[in-house]
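Reading the structure
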Amino acid sequence: MDFKIEINAPKEKVWDVLWGEKTYPMWTAAFGKGSRVETDWKKGSKALFLGNENSGMVSRIAENIPNEYMSIEHLGMIMNGIEDYESEEVKKWAGAKENYTLKDVDGKTELYVFMEMDDSEANKAMIEMFAGMWPKALANVKSLAEQDEIIPPVVV
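Residues numbered from 1 in each chain as written. Predicted model: local features only at pLDDT ≥ 70, side-chain atom pairs only at ≥ 80, totals over all residues. Heavy atoms only, no water.

Named according to an unreviewed UniProt entry, the protein is SRPBCC domain-containing protein originating from Pedobacter boryungensis. According to the UniProt record, the Sequence similarities (unreviewed entry) comment for the protein reads "Belongs to the AHA1 family." (UniProt positions renumbered as here; feature names shortened; annotations may be inferred.)

Set out below in structure tokens:
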């Protein structure tokens, strides 16, 4: 699955919106209320993508090239604080990556998100769900990045 949006802001500001401690929960609210992440965003680091019930996904930062590219590899799930890497549900998508590419296009930023996903019948509902959520999430990124308020830079 891939999604693209043009944002009237420099790459650095879009990057800060994507991975900023304050702004990450704001744009990812499109995926679920209370969305948040626990990570330092450094290459090789573990990342827990969580929702209101402290459940979500266990991932690894596969690559981080500041202001240009972030790749997140999904490894498992976490439910009630217990990490799962072995269930059949996890095995359907473990190893899939979510890649974010930022390009400068005439003073604006083109944000491209590519999400690896097996398009089998078993994942059909998940694909439909993400097809509806990603455009809303990217609209949130655009709105936040195009605000005049300067967002404090994130150290990544």
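1. A word on the pairing of strand β1 (residues 2–7)
Of the two faces of β1, the one lined by F3, I5 and I7 is fully buried and the one lined by D2, K4 and E6 carries no buried residue. In terms of strand pairing, β1 meets strand β8 (residues 108–115) through six bridges, oriented antiparallel. Following the sheet pairing, E6 is matched in β8 by E110. (Buried < 20%, exposed > 50% of the residue type's maximum accessible area, 1.4 Å probe, protein only. Helix = DSSP H or I, 4+ residues; strand = E, 2+ residues; numbered from the N terminus. Pairing = 2+ DSSP bridges.)

2. A look at the nonpolar core
Of all hydrophobic cores here, the largest spans 31 residues; its most connected members are V14, L18, W19, W27, Y100, L111 and W134. For this core, the elements supplying multiple residues, two or more each, are β1, α1 (11–19), α2 (24–27), β3 (46–50), β5 (69–79), β7 (97–105), β8 and α4 (124–145). At seven residues, the largest contribution of residues to this core is made by α4. With residues up to four places along the chain from it excluded, the contact list for L18 reads Y24, W27, Y100, L102, L111 and V141. (Core = buried A, V, L, I, M, F, W, Y, C linked by side-chain atoms within 4.5 Å. Contact = heavy atoms within 4.5 Å.)

3. Re α4
Note that an α-helix has 3.6 residues per turn; residues three or four places apart therefore point the same way. The end-to-end C-alpha distance of α4, which contains 22 residues, comes to 32 Å, matching closely the 32 Å that a straight helix rising 1.5 Å per residue would cover. The largest bend along α4 measures about 25° and falls at M133, with the proline P135 one to four residues further on. Residues of α4 that are buried include every one of F130, M133, W134, A137, L138, V141, L144 and A145, and no others. Packed against the buried residues of α4 are β1, α1, α2, β7 and β8. (Expected span 1.5 Å × (residues − 1). Bend = angle between axes of the 7 residues up to and from the residue.)

4. What about the layout of surface pockets?
The space that makes up the largest pocket amounts to roughly 770 Å³. As for the largest pocket, its lining consists of 32 residues, and the residues nearest its centre are F31, F49, G56, M57 and F130. The set of elements that each furnish at least two residues to the lining of the largest pocket consists of α2, β3, β4 (56–65), β5, β7 and α4. Sort the elements by how many residues they give to the lining of the largest pocket and α4 lands first, with five residues. Considering only residue class, the lining of the largest pocket consists of 18 nonpolar, eight polar and six charged. (1 Å grid on protein atoms, 1.4 Å probe; cavity = no way out; pocket = protein on both sides within 12 Å on 5 of 7 lines; lining within 4 Å. Points joined across faces, edges and corners; volume = space filled by probe spheres on them. Nonpolar A, V, L, I, M, F, W, Y, C, P; charged D, E, K, R; others polar.)

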